[in-house]
Each structure stands twice: as C-alpha cells, then as structure tokens.
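Chain by chain, the residues:
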Amino acid sequence: MISKNFFKSSFIYSFVGALPYASGIILIPFFIKFLSHEDYGANEIYLILMYIVQILSSFGLDTYIGINYFEHKDNKSRLGEFVGTVFIALIVLGAFILAIGSSGGNSIFHLLFGKKDHMMFFPYGFITLFTAIFNGFFKTYTSLLINQQRPERFLWLNILNFIFTVVLSIVLLYTFPKTLYGPILGRLFPAFFVCSLSIFLLIKEFGFKARAYFLKNMVSFCIPVVVYLLFTWVVSYIDRFIIKDLLNLSYVGIYALAVKIAMLIDILQIGLANTMHPKIYTIWKDNNLKESTLEVNRYYNGFTAVTLLVIPVFMIAVPLVGPIFIKD
C-alpha cells in the first residue's frame, strides 16, 4: 500500500520542482517591462548555455550520488568518504571549466554568435559560468537529500533559493533597467548562496575527505550519463539557436515562453519520480532483488495514472486560463 508519507513527499518534490518554473513565470512581467525584446531573447540563450555548462561541470555526479548512496548508506565512514569524493570532484571540474572559460570563452562566443551579435561573453557569459557551477553543486546536494529521503531540508533550501532569486532579480531589474544584469546577477547570487550553504551542511554532516578508489566506478558510471544529458540538451534547446539564426532574438523569447507553459506536466512527473525512485531503490537493496515486485509496480501504476489524468486536464485548462495572465 502506498503510504501517506509518499503523497506528502510527492507533493513537496512536485512543489519544489515547480519553483524554477514559477520564478520564471513570476518574473515575465518584469522582464517584459525592463528588458528590450532582444535582451529578453538573449537572456533565454544565456539560460540554456548555463544548462549545458552545468551538465559539463557536474559531470552526471548528481545522478551518480543519488543511485550509489544506497550502496554505502549502512556504513557511515564509507558514506562520508564517498560523498566527500563526489564533491571534491565537483570542485576540480568547476575549476577546470572556469579555466577553459577564462582563456577561450570569448573565442567560443565569437564562433557561435559572431562579433556583431547581441551576445557577449564578458560580462554576461562569464558570470553564467559561475552560476552553472554553483547550481551543479547545489543540484548534486539536493539529489543526495532526495535519496536520503529528507524532504523538509530539500524544501527549505529550494524555497530560499526561489525567494532570493525572485526578489533579487526584481531589485536588480529596477536598479539596472534595459540591461541583462537583472536576470544574470539574479541567478548568480542565489546560486552562490545555496551552493555555500550546501557545502557547510555537507562538511558538518560528512566531513570533507576523498578516496581515489571511488574514481574508476565514478568515471565509468558518469560518462554515459553525460553523453545522454548532452543529447537531451540538444533535443531540448537547439531550436532556440535555429530560431535566433533564421529569425531573431525577440522570437527566441516568445518561443521560450510557450515552452515554459508546456513543461508543467514534466515538472509534475519529475516530482513524482523523485519521490518514488528512492523508495524503489531501497526495496531492491534491502531485499536483494533484481526484478520487479507487486509493491514496486504499485508506484509505477500510480505514476501512470496521475500522468494520464493530468494531460487532458492540462490541455483543456491552458488555452482557457493562459490568456487571462499573458496579455502581450
């Protein structure tokens, strides 16, 4: 039987999963008011560049730490070494990405966008590098929290990130209108804050020690994950670059708004998946199973039922409700 705690955790993870989406929707009127059409589209390009840098700098370790946590959770000392190794690897990868960006970022931008384009590596692209690295660190820590089944800490960390992002972005938009400092710095400072808080909580709980014998398994696990994520990024975001080249940055912003609305179903599914996967992994690990069971099937059946219910409701509701809130 699926417990009440499952539904409570599912609500938390679904709610928290919707926060980046919600912040983007809340900030749309402010972006429209304080940014030009070109800057609005450029902000979307910087955002998706942040995602690919986050994939490279985190190297799939957010997935790795979540799944392999269950192999070490019963040995506190080994778990501390495992977690420390993952996060020290993140620091090394982040420093490597920053070194590449500092030396070659300007040339990469000229190659991608041309010297006369609206896109600039300094300062906006360079700031975006830091934001991506901080977010990768934070995402890896929250992945650990999900698999530790600690929804309350997961909730409050993400709410702090959400509030800080929205409030700071609005303040910066008023302070620096008609520039990208509002959205760009509005992502940087919250990312730095939650990353620093994550490091503090990690050190407090696990210490900060690494062991080289984790690296072989880490690399063999993460390389296919990174390849998969890069292909997913291409499928999800390459259309923005095509729109920019064939039309202009203004149309990139219009298209991005439509996609954000459509992703509401994805956010619900991510919340449900984040809730049920730790429980399924625990069932398999504790019972030494390599096949499905009736209890595991109940989680997947519930996931399918909710998805099939939400899709028709969403498709009817959005065309009716959307125009009430989106005028321009």
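Quick note: structure is the one above.
Residues numbered from 1 in each chain as written. Predicted model: local features only at pLDDT ≥ 70, side-chain atom pairs only at ≥ 80, totals over all residues. Heavy atoms only, no water.

**Q** Talk me through the side chain of N43; I want residue IDs and the actual numbers.
**A** Topologically, N43 is positioned in helix α3 (residues 37-58). Residue classification places N43 among the buried positions, given a relative accessible area of 7%. (Helix = DSSP H or I, 4+ residues; strand = E, 2+ residues; numbered from the N terminus. Buried < 20%, exposed > 50% of the residue type's maximum accessible area, 1.4 Å probe, protein only.)

**Q** I'd like a rundown of unusual backbone geometry, residues and numbers included.
**A** Look at the link from F122 to P123: it is a cis peptide, with omega at 5 degrees. Structurally, P123 is set in helix α6 (residues 121-148). Backbone geometry at Q149 places phi at a positive 60 degrees, although glycine is not the residue there. With respect to the secondary-structure elements, Q149 resides in the loop between α6 and α7 (151-175). The class of Q149 is partly exposed, set by a relative accessible area of 36%.

**Q** Please provide a residue-by-residue account of the packing of helix α4 (residues 61-72) against α6, values included.
**A** The contact between α4 and α6 brings their axes to 8 Å, and the two run at 25 degrees. Here α4 is positioned roughly parallel relative to α6, judged by the angle of their axes. α4 and α6 meet at a crossing whose hand is right-handed. The segment α4 lies against α6, with L61, D62, I65, G66, Y69 and F70 engaging K139, T140, S143, L144, N147 and Q148. Residue composition of the contact of α4 with α6, grouped by class: five nonpolar, five polar and two charged. (Axes fitted to C-alpha atoms, helices over the stretch in contact; angles between N-to-C directions. Parallel < 35°, antiparallel > 145°, perpendicular 65-115°, else oblique. Left-handed = near helix turned anticlockwise from the far one by under 90°. Contact = heavy atoms within 4.5 Å. Nonpolar A, V, L, I, M, F, W, Y, C, P; charged D, E, K, R; others polar.)

**Q** Break down the environment of P123 for me, citing the residues and quoting the values.
**A** We classify P123 as partly exposed; its relative accessible area is 28%. Spatially, the C-alpha atom of P123 lies 53 Å from that of T293, the residues being 170 residues apart in sequence.

**Q** Let's hear about the state of the cysteines: which residues, and what values?
**A** Going through the model one piece at a time under the given rule, you end up with zero disulfides. Not part of a disulfide, C195 finds its nearest cysteine sulfur in C222, a span of 18 Å. (Disulfide = S-S within 2.5 Å.)

**Q** Which residues make up the packing of α3 against helix α10 (residues 249-262), and what are the values?
**A** Relative orientation of the contacting elements α3 and α10 amounts to 60 degrees, with a least axis distance of 7 Å. In terms of orientation, α3 lies oblique with respect to α10. Between α3 and α10 the crossing geometry is left-handed. Only L249, S250, V252, G253, A256, L257 and K260 of α10 make contact with α3, whose side of the interface consists of H37, E38, Y40, G41, A42, E44 and I45. For the contact of α3 with α10, the class distribution of residues is seven nonpolar, four polar and three charged.

**Q** An account of α4 is needed here, citing residue identities and associated values.
**A** Helix length check: α4 (12 residues) gives 16 Å between terminal C-alpha atoms against 16 Å at 1.5 Å per residue, within 8%. Across the 12 residues that make up α4, a large majority, nine, are buried. Within α4, the full set of buried residues consists of L61, D62, Y64, I65, G66, N68, Y69, F70 and H72. Of the surrounding secondary structure, the elements contacted by the buried residues of α4 are α3, α5 (76-113), α6, α9 (215-246) and α11 (264-286). (Expected span 1.5 Å × (residues − 1).)

**Q** Requested: an account of the side chain of S198, with residues and values cited.
**A** If you trace the backbone, S198 turns up in helix α8 (residues 181-206). Setting aside anything within four residues of it in sequence, one finds S198 in contact with F138 and Y141.

**Q** Quick one: what's the story with the environment of F113, residue by residue and with numbers?
**A** Residue placement: F113 occurs in helix α5. Separated by 131 residues in sequence, F113 and K244 place their C-alpha atoms 9.6 Å apart.

**Q** Summarise the pattern of salt bridges; cite the residues concerned and give the values.
**A** For the structure shown, the criterion picks out eight salt bridges. Of the charged contacts in the structure, one is a salt bridge between E44 and R240, with a shortest N-O distance of 3.4 Å. One end of the pair, E44, is in helix α3; the other, R240, is in helix α9, and 196 residues separate them in sequence. (Salt bridge = Lys/Arg side-chain N within 4 Å of Asp/Glu carboxyl O.)

**Q** Go over the packing of aromatic side chains, please, and point to the residues and values.
**A** Here a ring pair, both rings aromatic, is described through the centre-centre distance and the interplanar angle of the planes. Evaluation of the coordinates by the stated rule reveals 25 aromatic pairs. Ring centres of F31 and Y40 lie 6.2 Å apart, and the angle between their planes is 75 degrees; on these two criteria the pair is classed as edge-to-face. With a relative accessible area of 15%, Y40 lands in the buried category. An angle of 90 degrees between the planes, with centres 5.3 Å apart, marks the rings of F126 and F130 as edge-to-face. Residue F126 and its partner F130 are both found in helix α6; the two are separated by four residues, about one turn of the helix. (Phe/Tyr/Trp six-rings, centres within 6.5 Å; stacked < 30°, edge-to-face > 60°.)

**Q** Run through a nonpolar patch on the surface, naming residues and quoting values.
**A** Among the surface-exposed residues, V234, I238, I242, L246, L247, Y251 and I254 lie close enough to one another that they form a single nonpolar patch of about 680 Å² accessible area. With four residues, the top contributor of residues to the nonpolar patch is α9. In this structure, Y251 sits in helix α10. We classify Y251 as partly exposed; its relative accessible area is 44%. (Patch = residues over 30% accessible without salt bridge, like charges linked within 9 Å, V, L, I, M, F, W, Y side chains within 5 Å. Areas by Shrake-Rupley, 256 points an atom, 1.4 Å probe, with all protein chains shown as cover.)

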